[in-house]
Amino acid sequence: MIRSMTAYARREVKGEWGSAAWELRSVNQRYLETYIRLPEQFRSLEPVIRERIRNRLTRGKVECNLRFELDLQAQGQMILNENLAKQLIEAAKWVKIQSDEGEIDPIDVLRWPGVMSAQEQDLDVISVELLRSLEETLDDFVAARESEGRALKTLIEQRLAGVSAEIVNVRAQMPNILQWQRERLVSKLEEADLPLENSRLEQELLLMAQRIDVAEELDRLEAHVKETYNILVKKEAVGRRLDFMMQEFNRESNTLASKSINADVTSSAIELKVLIEQMREQIQNIE
């Protein structure tokens, strides 16, 4: 399944304890890099979250954020960090004196991370709900990657069709090119008033044909097109395989261009390079 490395997903979860929201976003990256931001009271969940992301994704720079807000009115017994609350109040008073405006909202102080916390057993229950919601967010996130991946697959298949068309075009021109080269060689020998020995002429024509023969390059390009189609329907992550195939495509297109002695073949070689580069740009964003 083709998946893009660029995606975004957000999911909210609410309970008796309050509300929370997961946010996942990612961009392309050669390997999997995960950045996790959690409220202090859920810092212990980071290894679990990192492992769950690793089980679902293989590449990309992934940012995972959890926003959490306790419903203070719905809580039963809460734990107040009195020292931290006093420090915040003193700091808020100083800011108020310096700016001579604004009011100190007690609720804002209580909502400051670490001032109020639920009992330990409550955090365990909340953590279970949060992790369940994370799995649902990951489902949305993977679905977004797959949706974008289908669009990328269509673009790549269009370029592969273009590559196949250029291969057909070059093959169709090769007999005319060889005939033109034969006539050109005979003309030069006649201009030089040299005897036309059949054996020598055939030998020269054979050497010339070997120098400009691109049948092997065209065969390999066709094989690369076929293999790329096969890769596009694989179930696992295929970004690295596709990137390798683009290197192989480039190698053959460069050889084709170096052997070209015809404007039409040169034009096809250039078009091949354009198509390959367009595919390569899209593949950089595939997981």
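For the structure itself, consult the block above.
Report follows, based on the coordinates. (Residues numbered from 1 in each chain as written. Predicted model: local features only at pLDDT ≥ 70, side-chain atom pairs only at ≥ 80, totals over all residues. Heavy atoms only, no water.)

**Brief notes about the overall build of the protein**
Counting secondary structure elements, the protein contains 8 helices and 6 strands. The order of helices and strands in the protein, counted from the N terminus, is β-β-β-α-β-β-α-α-β-α-α-α-α-α. Counting over 287 residues, the protein shows a buried share of 36%. Contacts spanning at least 24 positions in sequence make up 79% of the contacts within the protein whose residues lie at least 6 apart. (Helix = DSSP H or I, 4+ residues; strand = E, 2+ residues; numbered from the N terminus. Buried < 20%, exposed > 50% of the residue type's maximum accessible area, 1.4 Å probe, protein only. Contact = heavy atoms within 4.5 Å.)

**Examining the packing of aromatic side chains**
For the coordinates displayed, the defined rule picks out 2 aromatic pairs. With 5.5 Å between their ring centres and 20° between their planes, W17 and F68 make a pair best called stacked. You can see W17 sitting in the loop between β1 (7-15) and β2 (18-27) and its partner F68 sitting in strand β4 (residues 60-70), a full 51 residues away along the chain. Each member of the pair, W17 as well as F68, carries the same accessibility label: buried. Plain terms: the ring middles of F42 and F68 are 4.8 Å apart, the flat faces sit at 70° to each other, and that makes the pair edge-to-face. Pair noted here: F42 is in the loop between β3 (32-37) and α1 (46-56) and F68 is in strand β4, with a separation of 26 residues, a long-range link. Among the aromatic residues, those joined into a cluster by ring pairs are W17, F42 and F68. (Phe/Tyr/Trp six-rings, centres within 6.5 Å; stacked < 30°, edge-to-face > 60°.)

**Structural notes on the packing of helix α7 (residues 239-259) against helix α8 (residues 263-283)**
As a packed pair, α7 and α8 sit with axes 10 Å apart at the nearest point and diverge in direction by 165°. Accordingly, the angle class assigned to the pair α7 and α8 is roughly antiparallel. Crossing geometry of α7 relative to α8 is assigned as left-handed. Counted together, G239, L242, D243, M246, F249, N250, S253, N254, L256 and A257 of α7 and V265, A269, L272, K273, I276, M279, R280 and I283 of α8 form the full contact between these two elements. Classifying every residue of the contact of α7 with α8 by side-chain character gives 11 nonpolar, 4 polar and 3 charged. (Axes fitted to C-alpha atoms, helices over the stretch in contact; angles between N-to-C directions. Parallel < 35°, antiparallel > 145°, perpendicular 65-115°, else oblique. Left-handed = near helix turned anticlockwise from the far one by under 90°. Nonpolar A, V, L, I, M, F, W, Y, C, P; charged D, E, K, R; others polar.)

**What about the sheet that holds β4?**
Strand order across the open sheet formed by 4 strands is β1-β2-β4-β3, with mixed pairing between neighbours. Both outer strands of the open sheet, β1 and β3, are each paired with one neighbouring strand and no more. On average, each strand axis in the sheet is inclined to that of its neighbour by 10°, with strand direction left out of account. Examined bridge by bridge, β1 and β2 share 9 bridges and lie antiparallel to one another. Residue R10 lies in a different strand from β2, and its bridge partner there is E23. (Pairing = 2+ DSSP bridges.)

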